[in-house]
Amino acid sequence: MFPVARAAQSLVARGIQHTAIRQAHRKHEPSFHDKYGTTVLLGGAAMFTAVWGYVLTQLKIEWGFSPVGRITPSEWRE
């Protein structure tokens, strides 16, 4: 192996080792997602359900019913 490549490889390996050691000894404090992630997810799901529940039940929407057979053409007037 070339000396430059070997030196670069050892630097990368050493950096990874230092990072792993530093993270292993650090005390883990909970982040925002650890504290509130489930609450925010459930709140968003409840809001989504409430809004779409309102839309589907309160608005007068024709749900894709075909007009074939219900609409009859009028007589042609000359």
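Residues numbered from 1 in each chain as written. Predicted model: local features only at pLDDT ≥ 70, side-chain atom pairs only at ≥ 80, totals over all residues. Heavy atoms only, no water.

Engineer: What is the right way to look at the overall build of the chain in this model?
Structural biologist: Within the chain, the regular secondary structure consists of two helices and zero strands. Classification of the 78 residues of the chain by burial places 1% in the buried group. When the accessible surface of the chain is totalled, it reaches about 8100 Å², and 65% of it is carbon and sulfur. (Helix = DSSP H or I, 4+ residues; strand = E, 2+ residues; numbered from the N terminus. Buried < 20%, exposed > 50% of the residue type's maximum accessible area, 1.4 Å probe, protein only. Areas by Shrake-Rupley, 256 points an atom, 1.4 Å probe, with all protein chains shown as cover.)

Engineer: Teacher, can you tell me more about a nonpolar patch on the surface here?
Structural biologist: Taken together, M47, F48, V51, W52 and L56 make up a surface patch of nonpolar side chains, about 540 Å² in accessible area. With respect to the helices and strands, the residue L56 is situated in helix α2 (residues 32–58). Among the residues examined, L56 registers a relative accessible area of 47% and is labelled partly exposed. (Patch = residues over 30% accessible without salt bridge, like charges linked within 9 Å, V, L, I, M, F, W, Y side chains within 5 Å. Salt bridge = Lys/Arg side-chain N within 4 Å of Asp/Glu carboxyl O.)

Engineer: Help me understand the UniProt feature "transmembrane region" (unreviewed entry) in the chain in this model?
Structural biologist: Taking the numbering used here, the UniProt-annotated feature "transmembrane region" (unreviewed entry) corresponds to residues 36–56. In the segment residues 36–56, helix accounts for 100% and strand for 0%; the C-alpha atoms at its two ends are 30 Å apart. (UniProt positions renumbered as here; feature names shortened; annotations may be inferred.)

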